[in-house]
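# A closer look at the structure
Spelled out from the first residue to the last, the chains are:
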Amino acid sequence: MHTSTRIIHENEQRLEQHGAINPPIYHASLFAFPSMQAFLDFRAGRSERFLYTREGNPTIRALEEKIAMLEGADDCIATASGMGAITAAIMATVRAGDHALVVDSCYGPTREFLDDLMAGLGVETTYFHPEQRDLSSYFRDNTRLLYLESPGSLSFHILDLPALCRQARERGVATIVDNSWATPLYQQPHDLGADIVVHSGTKYIAGHSDLVLGLITANGERAERLREVAILLGATLGPAEAFLALRGLRTLPIRMEKHQKNGLAVAHWLEQHPKVRRVMHPGLPSFPGHQLARQQMSGWSSLFSFELLPPGTPEQRHRFMDGLKLFSIGVSWGGYESLIIPLLYENESKRARLSRIGLNDDCYRISIGLENPDDLIADLAQALERYETCNHCQEPPSPTQRDSLTQLE
Ligand SMILES: *Cc1c(COP(=O)(O)O)cnc(C)c1O
């Protein structure tokens, strides 16, 4: 059966719920037992029931079963946010004295968690450049985790997932892959060798910018351990969020088709615009990781970055951004509405980190929504009119010039 049919029909327990077409929202913190014997049977593991929502709830379970099916894994654990999934997955994998190997293009808060909380708990992290293919000199005797994200955050670097997962497996090192960008529809990291897959379900899976959600998938004992850790950490999803996520999931295949089409249309248009230096979209043949991406992915979502030619002044950048009418200035992505954010505007350490993966002050990240792409292109065209480029500076400005350019931000 095709995925879009399975999303709608598989694991539905309609008859047990009075025929209700949608799994009802079980707004209950606990589930009572009909008898002392039923309680004792449950405790002894002789029956399967729900006990307490932090440990499980029928609405959340319905979502977890669908995601496990989509990722091709034994089980899925839903969490209160993508960060809840990432932190539970990391904490279930490493402990004091262990070493983690992490790609430099990972999601920023993942890195903060490692550098702050995990470092404080005695876990050391090394970052490697996303173009690094051979990690043999990075692994140590105490390396227990290889953390990957492909395409990477902001720069969209494509990692060779099968090759990297193989290098970890040979050494008994567990791999976690953040698969939020591609969704389980366009990339299946377990098939490519990953042990644990994490998602920010907040993005495309929910799809309507109305909830925060995390998902973890894994197989066998590893999945059981992940559930224990997630329950102890207490990052439980609410049943109402699970209901909304199931609602989003039903239209994921058709939304992704449209996101893909719209995203590519805008990316191709931007690529030929005289004020655009480059477009970082894995689906463009000009993108350095494009061929590799084609080998391990079956489609493109609609979040990407682009770089404008060097600007005259910071005011030009403000004019461009404030001139956009259909793109809201906002973080997050994967919803029905188009969004844009400028990159590199916070502090020197973020600036240094992003320049290591090839990003600078002239880069912007956009999330293309479900609007008509002609309208989005017309909006970008009129806003770019307001952005004056400097025709003689084809090279990026020097770091000192750049500092003065960004004072406004
Ligand atoms: C947003 C995001 C996360 C975090 O998810 P939340 O649901 O916001 O906690 C993790 N990974 C990537 C790639 C993201 O973009």
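Residues numbered from 1 in each chain as written. Predicted model: local features only at pLDDT ≥ 70, side-chain atom pairs only at ≥ 80, totals over all residues. Heavy atoms only, no water.

## Observations concerning the site of the ligand
The local shell around the ligand holds 15 residues, among which Gly82, Met83, Asp178, Thr202 and Lys203 are the closest. Here Gly82 contributes a backbone N or O atom positioned 2.8 Å from an oxygen atom of the ligand. Between the ligand and Met83 there is a distance of 2.8 Å, counted from an oxygen atom to a backbone nitrogen or oxygen. Protein coverage of the free-state accessible area of the ligand, which is 380 Å², stands at 89%. With three residues, helix α4 (residues 82-91) is the largest single contributor of residues to the shell around the ligand. Within the shell around the ligand, the residues separate by chemical class into six nonpolar, six polar and three charged. (Near = heavy atom within 4 Å. Polar contact = N/O pair within 3.5 Å; in protein donor to acceptor, adjacent residues only side chain to side chain. Areas by Shrake-Rupley, 256 points an atom, 1.4 Å probe, with all protein chains shown as cover. Helix = DSSP H or I, 4+ residues; strand = E, 2+ residues; numbered from the N terminus. Nonpolar A, V, L, I, M, F, W, Y, C, P; charged D, E, K, R; others polar.)

## A short note on the pattern of salt bridges
The tally for this structure, following the rule as stated, stands at 21 salt bridges. Ionic pairing is found between Asp195 and Arg222, a salt bridge with its closest N-O pair at 3.8 Å. One end of the pair, Asp195, is in the loop between α7 (183-186) and β6 (196-200); the other, Arg222, is in helix α8 (residues 220-233), and 27 residues separate them in sequence. Residue Asp195 is classed as buried on the basis of its relative accessible area, which comes to 14%. For the salt bridge of Arg351 with Asp361, the shortest nitrogen-to-oxygen distance reads 2.6 Å. Here Asp361 lies in the loop between α13 (348-356) and β12 (363-367) and Arg351 lies in helix α13, a separation of 10 residues in the sequence. For the pair shown, Arg351 and Asp361 are each scored as buried. What you see here is one network of salt bridges that share partners, running through Arg61, Glu64, Glu65, Asp75 and Arg227. (Salt bridge = Lys/Arg side-chain N within 4 Å of Asp/Glu carboxyl O. Buried < 20%, exposed > 50% of the residue type's maximum accessible area, 1.4 Å probe, protein only.)

## So, the domain arrangement of the protein chain
In terms of domains, the protein chain is made up of domain 1 (3-95 + 140-146 + 164-250) and domain 2 (253-408). Just the C-alpha atoms count here: the centres of domain 1 and domain 2 sit 33 Å apart. Listed per partner, the contact involves 21 residues of domain 1 and 21 residues of domain 2. In total, domain 1 and domain 2 occlude about 1800 Å² of area from one another, counting both sides; carbon and sulfur atoms represent 61% of this. For the domain 1 face of the interface with domain 2, the top three residues by lost area are Trp181, Tyr186 and Tyr204, together amounting to 50%. Inspection of the domain 1/domain 2 interface yields zero salt bridges. Where domain 1 touches domain 2, the interface holds 13 residue pairs in polar contact (both at pLDDT 80 or more). (Domains from an automatic or database assignment. Contact = heavy atoms within 4.5 Å. Buried area = accessible area lost by both parts, 1.4 Å probe.)

## With respect to the side chain of Thr217
Relative to the elements of secondary structure, Thr217 occurs in strand β7 (residues 214-218). In this view, Thr217 contacts Ile67, Ala68, Glu71, Ala73, Asp75, Cys76, His190, Asp195, Ile196 and Val197; residues no more than four positions away in its chain are not counted.

## As for the confidence of the model for the protein chain
For the protein chain, mean pLDDT is 93; residues scoring 70 or higher make up 94% of the total. Under a pLDDT of 50 for its full length, residues 393-409 has, in the predicted model, 29 contacts with residues more than four places off or in other chains. (pLDDT = per-residue confidence, 0-100.)

## Regarding the sheet that holds strand β2 (residues 99-103)
Pairing is mixed across the open sheet formed by seven strands, whose spatial order is β1-β7-β6-β5-β4-β2-β3. Two strands close off the open sheet at either side, each with one partner strand: β1 (75-79) and β3 (124-128). In this sheet, neighbouring strand axes are inclined to one another by 20 degrees on average, regardless of whether the strands run parallel or antiparallel. With three bridges joining them, strand β5 (residues 174-178) and β6 adopt parallel strand pairing. Opposite Val177, over in β6, you have Val197 as the bridge partner. Across the sheet, helix α6 (residues 161-170) lies against β4 (143-149) and β5, angled at about 170 degrees from β4, the strand it touches most. Sitting on the sheet, α8 touches β1, β5, β6 and β7, and the angle it makes with β1 is about 15 degrees. (Pairing = 2+ DSSP bridges. Axes fitted to C-alpha atoms, helices over the stretch in contact; angles between N-to-C directions.)

## Some remarks on the environment of Thr126
Examined against the element boundaries, Thr126 turns out to sit in strand β3. Separated by 202 residues in sequence, Thr126 and Ser328 place their C-alpha atoms 36 Å apart. The residues contacting Thr126, other than those within four sequence positions of it, are His99, Ala100, Leu101, Val102, Tyr138 and Arg140. Engagement of the side chain of Thr126 in a polar contact is seen with the side chain of Arg140, the distance being 3.4 Å.

## Remarks on the nonpolar core
In terms of nonpolar packing, the biggest core is built from 70 residues, with Leu63, Leu270 and Phe320 touching the most fellow members. Filtering out sequence-adjacent residues up to four positions away, Leu270 remains in contact with Val276, Val279, Phe304, Phe306, Ile366, Leu380 and Leu384. Ala89, Leu101, Val197 and Val198 belong to the second largest nonpolar core, which has 43 residues in total. (Core = buried A, V, L, I, M, F, W, Y, C linked by side-chain atoms within 4.5 Å.)

## Digging into unusual backbone geometry
Cis geometry is found at the peptide bond from Ser150 to Pro151, where omega equals -5 degrees. Relative to the elements of secondary structure, Pro151 occurs in the loop between β4 and α6. At Thr183, a residue that is not glycine, the phi angle is positive and equals roughly 65 degrees. Secondary-structure assignment places Thr183 in helix α7. Of the residues examined, Thr183 reaches a relative accessible area of 1% and is grouped as buried. Within the chain, Ser332 stands out as a residue other than glycine whose phi angle is a positive 65 degrees. Looking at the element boundaries, Ser332 is found in the loop between β10 (328-329) and β11 (339-342).

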